[in-house]
Amino acid sequence: MASFLRTGILVLLATASLQAVDVAMKTVSIDEFFAGQLQPLPLKLDVPKDYVHAEGLEVEDSYTYWMLPKAIKPTADTGDLPQTGYVWGKISLDVGYIAETKKFTHEAELKEELAAAGLALVSQKKRNAGGFAVISYIVNHKQEDGSRRLIYSAYIATNIETNCIYLSYSPPSNFSKEQAAKVWDTIVDSISKK
């Protein structure tokens, strides 16, 4: 009987663990993601279903944050970004995309720049999203306390040579690396022409 109960508990734990990896997502247009701050682009992407556009935050022009509704007021009050995770984006004026060479302007120096900043490139993926190039990264960052944190980011070409969309995901603090990577891959793989 004890063996049967132990097996049942292990099956329940394994099932709960597998379900925890799945995060429901919803599709939003890039225009909706940026709350109308951009020239319209025919792109869409997926974000966690429970996240909403965080209106009322004091942020620079062209910045946007998506997070849980309950995290918006504390973030606005303290300026501290939530431990429950968020997705954010901005228009990057320092990275462009050269269509003739099919390269982002920072690609050649990326590894050296990361190393100089104490960061290490864990993975890089590049693809075409209906005529818009996308390059995504996972970077390992050593924090001041010596712990390590993974940074999930991507650039999306806007077909304006001098700037791109920068996108980043900060997973909930209780997510495993596998959970965070799965959500990030879903976000990046969902970027497509609408």
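Look above for the structure.
Residues numbered from 1 in each chain as written. Predicted model: local features only at pLDDT ≥ 70, side-chain atom pairs only at ≥ 80, totals over all residues. Heavy atoms only, no water.

Novice: Go over helix H5 (residues 177-190) with me, naming the residues and quoting the values.
Specialist: With 14 residues, H5 extends 20 Å from end C-alpha to end C-alpha; this agrees with the ideal 20 Å at 1.5 Å per step. For H5, the complete set of buried residues consists of Gln 179, Ala 180, Val 183, Trp 184, Ile 187, Val 188 and Ser 190. (Helix = DSSP H or I, 4+ residues; strand = E, 2+ residues; numbered from the N terminus. Expected span 1.5 Å × (residues − 1). Buried < 20%, exposed > 50% of the residue type's maximum accessible area, 1.4 Å probe, protein only.)

Novice: Talk me through the pattern of salt bridges; I want residue IDs and the actual numbers.
Specialist: Per the stated rule, a full pass over the model turns up 6 salt bridges. Residue Lys 125 pairs with Asp 185 through a salt bridge whose shortest N-O separation is 3.9 Å. One end of the pair, Lys 125, is in strand S8 (residues 119-128); the other, Asp 185, is in helix H5, and 60 residues separate them in sequence. The partly exposed category is assigned to Lys 125, whose relative accessible area is 32%. With relative accessibility at 32%, the residue Asp 185 sits in the partly exposed group. Across the pair Lys 125 and Asp 189 runs a salt bridge whose closest N-O atoms are separated by 3.0 Å. With Lys 125 in strand S8 and Asp 189 in helix H5, this pair connects stretches of sequence that are 64 residues apart. Accessibility expressed as a relative area gives 46% for Asp 189, which makes it partly exposed. Here the residues in one salt-bridge network are Lys 125, Asp 185 and Asp 189, joined through shared partners. (Salt bridge = Lys/Arg side-chain N within 4 Å of Asp/Glu carboxyl O.)

Novice: Which residues make up the sheet that holds strand S10 (residues 148-160), and what values go with them?
Specialist: Spatially, the 7 strands line up as an open sheet ordered S3-S4-S5-S11-S10-S9-S8, and their pairing is antiparallel. Looking along the sheet, the strands with just one partner apiece sit at the ends: strand S3 (52-53) and S8. Judged from the 2 bridges that link them, S3 and strand S4 (residues 64-67) form a sheet pairing that is antiparallel. Bridge pairing links His 53 to Trp 66 in S4. Packing against the sheet, helix H3 (residues 69-78) makes contact with S3 and S4, and its axis sits at approximately 130° to S4. (Pairing = 2+ DSSP bridges. Contact = heavy atoms within 4.5 Å. Axes fitted to C-alpha atoms, helices over the stretch in contact; angles between N-to-C directions.)

Novice: Can you break down the pairing of S4 residue by residue, with the values?
Specialist: Burial along S4 is two-sided: the face carrying Thr 64 and Trp 66 and the face carrying Tyr 65 and Met 67 are both buried. Pairing between S4 and strand S5 (residues 86-92): 4 bridges, direction antiparallel. Looking at the pairing, Thr 64 lines up with Gly 89 of S5.

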